Amino acid sequence: MKTEELRLEDLDPEWFIEEKVREISRTVGDGSAVNALSGGVDSSAVTMLAHRALGRRLRNYFIENGLMRDGEPERIISLFEGMGIKVELVRAEERFFNALKSIIDPEEKREAITRTFYGDVFGKIVRESGARFLLQGTNFTDIEETVAGIKRQHNVLEQLGIDTEERYGYRVIEPLVQLRKPAIRRVAKALGLPAEIYDRPPFPGPALATRIVGEVTPAKVQTVRAATKIVEEELTSVGAFQFLAVLHEDKVTGVRAGRRDYGQQIEVRCWDSADAKTASPTRLTYDILDRLAERITGEVPGVVSVTYNIAKKPPSTIEVV
Ligand code: XMP
């Protein structure tokens, strides 16, 4: 079934919320559902919609996949608990790192994450809880890019012909599939989420694995996580659509304290975009770039080179994987 976009200019957030709350209630009936919260604007909006529809019949899970940003699981769980919504943390780092071992190809990495997330992790949660539904924040752009064969977004399943009931034992409910990011932000605001959520730059489901070229290992995640923290601290005030750090696979020769230092390379990307479909690098000032280079080479162990991406999407994409 083809999904039709509901455009920002045609969206009445209050009507949309009522409609989706009704739809979720009707679909789940008197059963229960589980919800995958990552803390992004999309899954946060779904959490609010499903909480309204199902109350205590909804169980929310934050999956610690070992690929998240610094302090993220704790921050998101406590933010939702502050709004009276309980979220359980599922420690699944080892399962994800095992699934990613030795994989270099980007689409295979995405596939391994999808399999682990929906099969191993949520398959088990759903089996144990007796729920028949999984709620998640897939959006219109995710589907469009996957169906077009650009990138297999980790959360697109049924649109690729995957029968989730047969494969994983549950049905997937995706209340936001008709909306792009700006419309989802409007809905998130109308749902009473704080600005730190509804204004958040996008962050991909496969998390920092989309920002590591080559094999994903705990050590590489630690490096890109440290660089990401600096990039976010330095670039949040710029107001760009999205900004990130990428860890490259090739090492290069550097010099530190007069001695050769064969080290890693971080690429910084900062994007201006309306909906992630097309994007251009933000024209950052040289002072900002200089500070990023100083901090990343000074504070992230092993990094001797910092570059800034100047290519547009297309032909580039926002994440490297
Ligand atoms: P790309 O890299 O395809 O990214 O230009 C477009 C937008 O989508 C985000 N992204 C994802 N979001 N699951 C998600 O939920 C994914 O697998 C995924 N891959 C990319 C990316 O951060 C950007 O905002």
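Only a predicted model underlies this, so the values are computations on that prediction, with no experimental measurement involved.

What exactly am I supposed to notice about the site of the ligand here?
Lining the immediate surroundings of the ligand are 16 residues, of which Lys-151, Gln-242, Lys-313, Ile-318 and Glu-319 lie closest. With respect to the ligand, the backbone of Ile-318 contributes an N or O atom lying 2.8 Å from an oxygen atom. The separation between an oxygen atom of the ligand and a polar side-chain atom of Glu-319 is 2.5 Å. In the complex, 93% of the free accessible area of the ligand, which totals 500 Å², lies under the protein chains. Class assignment of the residues belonging to the shell around the ligand gives a composition of five nonpolar, six polar and five charged.

Any chance you could explain the sheet that holds strand S5 (residues 171-173) here in plain terms?
Backbone hydrogen bonds hold the strands of a sheet together, and the pairing may be parallel or antiparallel. Taken in spatial order, the five strands line up as S3-S2-S1-S4-S5 in an open sheet, and their pairing is parallel. Unpaired on one side and paired on the other, strand S3 (87-91) and S5 mark the two borders of the sheet. The sheet shows a mean angle of 30° between the axes of neighbouring strands, direction not considered. One ladder, built from five bridges, connects strand S2 (residues 58-64) with S3; its direction is parallel.

Would you mind showing me how to read the packing of aromatic side chains here?
In this description, a pair of aromatic rings is defined by centroid distance and the angle of the planes. Tallying each qualifying case throughout the model produces five aromatic pairs. Look at Phe-117 and Tyr-118: their rings are 4.8 Å apart centre to centre, the planes differ by 75°, and that puts the pair in the edge-to-face class. Here the two residues Phe-117 and Tyr-118 agree in accessibility, since each one is buried. Judged by centre distance (5.9 Å) and plane angle (35°), the rings of Tyr-118 and Tyr-168 are tilted. Of the two residues, Tyr-118 is situated in helix H5 (residues 106-129) and Tyr-168 in helix H7 (residues 164-168); the sequence distance between them amounts to 50 residues. Aromatic rings pair up to connect Tyr-61, Phe-117, Tyr-118, Phe-122, Tyr-168 and Tyr-170 into one cluster. In this structure, Arg-69 is placed above the aromatic ring of Phe-203, and the distance from its NZ or CZ to the ring centre is 3.7 Å.

Conventions and cut-offs
- Residues numbered from 1 in each chain as written.
- Predicted model: local features only at pLDDT ≥ 70, side-chain atom pairs only at ≥ 80, totals over all residues.
- Heavy atoms only, no water.
- Near = heavy atom within 4 Å.
- Polar contact = N/O pair within 3.5 Å; in protein donor to acceptor, adjacent residues only side chain to side chain.
- Areas by Shrake-Rupley, 256 points an atom, 1.4 Å probe, with all protein chains shown as cover.
- Nonpolar A, V, L, I, M, F, W, Y, C, P; charged D, E, K, R; others polar.
- Pairing = 2+ DSSP bridges.
- Helix = DSSP H or I, 4+ residues; strand = E, 2+ residues; numbered from the N terminus.
- Axes fitted to C-alpha atoms, helices over the stretch in contact; angles between N-to-C directions.
- Phe/Tyr/Trp six-rings, centres within 6.5 Å; stacked < 30°, edge-to-face > 60°.
- Buried < 20%, exposed > 50% of the residue type's maximum accessible area, 1.4 Å probe, protein only.
- Lys NZ or Arg CZ within 6 Å of the ring centre and 35° of its normal.

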